[in-house]
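One letter stands for each residue in the lines below.
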Amino acid sequence: MSDTAVASLIYAARDAAVTARDAAELARDGAVAALASITNQISAALPMVYTFQVGGDVQSADVENAEVTKHHVLWMALDGVLQNEDTFNVTEGLITPVDGDWPEVTLQVKLGIGMPISIAAAVPLMQSVRNVQVADDAAIEATKLSYTALAAPYVKRSVSEKFREVRSLADYGGKGNGTFDNSAAWADAIDDAMSFPNGGTIYLPAGHYGAGSSISFPKTAGKWLRVVGEGAGTVIDVSGVADHAWYVGGALAAGGTNFRAEQLQFVGQSQTGKTAIRLENANGAQFENIFLDTMNDGFDMTDSYAVSFVGIQTVNVGRYSIYSNTPAHNTIIDRCKAFNAGVANSGCFLWIDGHTDNLVVQNSDFESCRQIFNLADGGSSARFVGNYTEYCVTDPFGFGTGVYGLDMSNNWLSFGAAFEFTKWFGGAFQRNRLFNQNIFWNSTCRDVQTGGNRLSGTSTMQPFPAQAISAFLNGSSVGARPITYFKDQGGFVHLTGELVVGANGSPAFSLPAGYRPIPAGIHPRFSTVSAVDNKSAFLIADSSNGNIVPTCSGNQTITLDGIIFKAE
């Protein structure tokens, strides 16, 4: 707005005020209030622009008014470039540089003598304000400012509404300079995010954030709390914490947490003593694209189920990249990368102390780790699918008391040494590619289906040993081939081998619990043939006790190949 326009506005306001006073019954209440507000806020003197040539011996500019201070300066420019207020001083109307000398330039300064015009009052008359220089401590209520994206079809919204979507830690005083204590900023940011009905997102700008004390993210009670950084640019230093940098969840078991963190890097200075994130009763927490570098543990969990780890990268994590001291049902590990995990402190990438169901590890890369995962108390219905593994310092897997129904398929496996699976009960080892890897099966394994595996380099794989019948009844005995039984992934029992029948119509041997026909009370009858002369014979499988009863003359040798039934 030009100076002439401002002067006109002043005189118009004064005339309107006089008219309103003499004819109040004709004036609108709103107009009177607006005019009075404008009159009270506009200075009696006009803002003025002064121009000086400075440089050389001329290192000051005198506006010839001893009452002028920096408070009255709206802006100052050198050759048209606006200057920060900390680059010049104003004392009794004399403008001088703070440091050094001015070069030979044109200095312009705009002064607003008296009380400044209120933007809130002026905007309705001026319609818009552009390129306004304001003091560092100036503030306008966010609900009275609008935000518009770059171009259509975006629409105008209030700044407060825009800020609600994503709040930066810097908005609460946070600093990423490596030394600042951000505890208070985190507390304010979390409280603010949780004050909204659906929670909110906290943005962590690129920087180095020293963690002198642990930051707690509470159980969210139906609200989402999301923390997002700038990937490798957002660094959280865990070396200064007593134990862990972040704590997610709470002591109460009820409920889960809608917590999500992504695009962050946690770093330490040693592979002992420090943990990045501690979870307690944090069911449903999500972590994506988190980088862990040089610390003792990455994630330390207690009573936390259905936690997902996607795109996690760990390098030189001394003990456990992910650890749980309780069952960790429904844990998902997807598209992760681990190098040198667990080597320094006899650990592994994933260690779970409690018996865990429905663990999924897929599409991930494990290289030079001490061990990939260890289910210390066993588990069931686990999947290890689509992974790349190269060199493990010790056995790549530990199944503790036993793993049931593990599907280990479609992997590239090169552990670096011969490996013997133990305590694997049911499931499949199929369609894997083995490179310079020898695989053996311990006698504790049961019912693992193998097939479609590709052996390359020097790889070998022992055929999976089916369970053999060693105890026979009523004079029956084994024939030329051992009698074995095996349960596939569909729960069907397969019998193979040759049986020399003892007493006709009497049990020849018994199958253990878990391998008996269902439903109970049904005793399926199977047709078979003599292994010698192809004469017909029959077998009855007793669902109540697992007895296999031949119905043919004694001393006849019959084959059990092809006898299949659904088992309990």
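Residues numbered from 1 in each chain as written. Predicted model: local features only at pLDDT ≥ 70, side-chain atom pairs only at ≥ 80, totals over all residues. Heavy atoms only, no water.

### A short note on the layout of surface pockets
Thought 1: Roughly 220 Å³ of internal volume is contained in the second largest pocket.
Thought 2: Contributing to the lining of the second largest pocket are 13 residues, with Phe425, Gly426, Arg446, Asp447 and Lys487 lying nearest its centre.
Thought 3: The set of elements that each furnish at least two residues to the lining of the second largest pocket consists of strand 33 (403-409), strand 36 (424-430) and strand 39 (446-451).
Thought 4: Its residues assigned to classes, the lining of the second largest pocket shows 3 nonpolar, 6 polar and 4 charged. (1 Å grid on protein atoms, 1.4 Å probe; cavity = no way out; pocket = protein on both sides within 12 Å on 5 of 7 lines; lining within 4 Å. Points joined across faces, edges and corners; volume = space filled by probe spheres on them. Helix = DSSP H or I, 4+ residues; strand = E, 2+ residues; numbered from the N terminus. Nonpolar A, V, L, I, M, F, W, Y, C, P; charged D, E, K, R; others polar.)

### What about the pattern of salt bridges?
Thought 1: Counted by the stated rule, this structure contains 9 salt bridges.
Thought 2: A salt bridge links Arg278 to Asp300; its shortest N-O distance comes to 3.9 Å. Taken together, the residues span a long stretch of sequence, with Arg278 in strand 18 (residues 275-280) and Asp300 in strand 19 (residues 286-302) at a distance of 22 residues.
Thought 3: Among the residues examined, Asp300 registers a relative accessible area of 15% and is labelled buried.
Thought 4: Here the salt bridges share partners, and the residues they tie into one network are Arg226, Arg260, Glu262 and Glu288. (Salt bridge = Lys/Arg side-chain N within 4 Å of Asp/Glu carboxyl O. Buried < 20%, exposed > 50% of the residue type's maximum accessible area, 1.4 Å probe, protein only.)

### Focus on the nonpolar core
Thought 1: Within the largest apolar cluster, 76 residues are counted, with the highest numbers of intra-cluster contacts made by Trp246, Phe266, Phe287, Phe421 and Trp424.
Thought 2: Leaving out residues up to four positions away in the same chain, Phe287 has contacts with Phe259, Ala261, Ile277, Leu279, Phe299, Val307, Ser308, Phe309, Val310 and Ile312.
Thought 3: Listed in part, the 22 residues of the second largest apolar core include Ile483, Val493, Ala508 and Leu560. (Core = buried A, V, L, I, M, F, W, Y, C linked by side-chain atoms within 4.5 Å. Contact = heavy atoms within 4.5 Å.)

### So, the pairing of strand 6 (residues 94-97)
Thought 1: Burial along strand 6 is one-sided: Ile95 and Pro97 are buried, and none of Leu94 and Thr96, which face the opposite way, are.
Thought 2: Pairing of strand 2 (residues 61-62) with strand 6, which is carried by 2 bridges, proceeds in the antiparallel orientation. Counterpart to Ala61 in the pairing with strand 6 is Ile95.
Thought 3: In terms of strand pairing, strand 5 (residues 88-91) meets strand 6 through 4 bridges, oriented antiparallel. Bridge pairing in strand 6 links Thr91 to Leu94.
Thought 4: Counting the residues that bridge the hairpin from strand 5 to strand 6 gives 2 residues, and of these Glu92 lies at a positive phi of roughly 50 degrees. (Pairing = 2+ DSSP bridges.)

### Considering helix 5 (residues 183-194)
Thought 1: A rise of 1.5 Å per residue sets the reference length of helix 5, with its 12 residues, at 16 Å; its end C-alpha atoms lie 17 Å apart and thus fit the reference within 8%.
Thought 2: Among the residues of helix 5, Ala185, Trp186, Ala189, Ile190, Ala193 and Met194 are the ones counted as buried. Relative to the axis of helix 5, the buried residues are bounded by an arc of 155 degrees and lie together on one face. More than 90 degrees from the buried face of helix 5, the exposed residues found are Ala184 and Asp191.
Thought 3: At its buried positions, helix 5 is contacted by strand 10 (166-168), strand 11 (199-203), strand 13 (215-217), strand 14 (224-228) and strand 16 (244-249). (Expected span 1.5 Å × (residues − 1). Arc of directions from axis to C-beta.)

### As for the confidence of the model for the protein chain
Thought 1: Of all residues in the protein chain, 83% attain a pLDDT of 70 or more, and the chain-wide mean is 84.
Thought 2: Scored below 50 in pLDDT, residues 31-46 makes 27 contacts in the model with residues more than four places away or belonging to other chains.
Thought 3: Scored below 50 in pLDDT, residues 115-131 makes 17 contacts in the model with residues more than four places away or belonging to other chains. (pLDDT = per-residue confidence, 0-100.)

### Quick word on the side chain of Ser304
Thought 1: Mapped onto the elements of the fold, Ser304 is located in the loop between strand 19 and strand 20 (308-310).
Thought 2: Here Ser304 falls in the buried class, since its relative accessible area comes to 0%.
Thought 3: Polar side-chain contacts of Ser304 include one of 3.1 Å to the backbone nitrogen of Ala282.
Thought 4: Among the polar contacts made by the side chain of Ser304, one reaches the main-chain carbonyl oxygen of Thr302 at a distance of 3.0 Å.
Thought 5: If we ignore the near neighbours within four places in the chain, the residues touching Ser304 are Leu279, Glu280, Asn281, Ala282, Asn283, Pro327 and Ala328. (Polar contact = N/O pair within 3.5 Å; in protein donor to acceptor, adjacent residues only side chain to side chain.)

### Remarks on the sheet that holds strand 5
Thought 1: With antiparallel pairing, the 3 strands of this open sheet are ordered in space as 2-6-5. Strands at the two margins of the open sheet, each flanked by one partner only, are strand 2 and strand 5.

### Some thoughts on the environment of Phe429
Thought 1: The topology assignment puts Phe429 in strand 36.
Thought 2: Using a relative accessible area of 0% as the deciding quantity, one classes Phe429 as buried.
Thought 3: Taking C-alpha positions, Phe429 is 5.6 Å from Ser409, a pair spaced 20 residues apart along the chain.

### Comments concerning the sheet that holds strand 42 (residues 467-468)
Thought 1: The antiparallel open sheet is built from 4 strands, whose spatial order is 42-44-45-52. Taken across any chain shown, the strands that pair with only one partner, and hence form the sheet edges, are strand 42 and strand 52 (563-566).
Thought 2: Here 4 bridges tie strand 45 (residues 492-496) to strand 52, and the two strands are oriented antiparallel to one another. Paired with His494 across the strands is Ile564, a residue of strand 52.

### Focus on the packing of aromatic side chains
Thought 1: For the structure shown, the criterion picks out 39 aromatic pairs.
Thought 2: Note on Tyr388 and Trp412: the rings are 4.7 Å apart at their centroids and 15 degrees apart in plane angle, and the pair reads as stacked. Here Tyr388 is found in strand 31 (residues 388-392), whereas its partner Trp412 is found in strand 34 (residues 412-414), with 24 residues between them in sequence.
Thought 3: A cation over an aromatic ring shows up here: Lys175 above the ring of Phe180, its NZ or CZ 5.1 Å from the ring centre.
Thought 4: Sitting above the plane of the Tyr323 ring, Arg319 keeps its charged end 5.6 Å from the centroid. (Phe/Tyr/Trp six-rings, centres within 6.5 Å; stacked < 30°, edge-to-face > 60°. Lys NZ or Arg CZ within 6 Å of the ring centre and 35° of its normal.)

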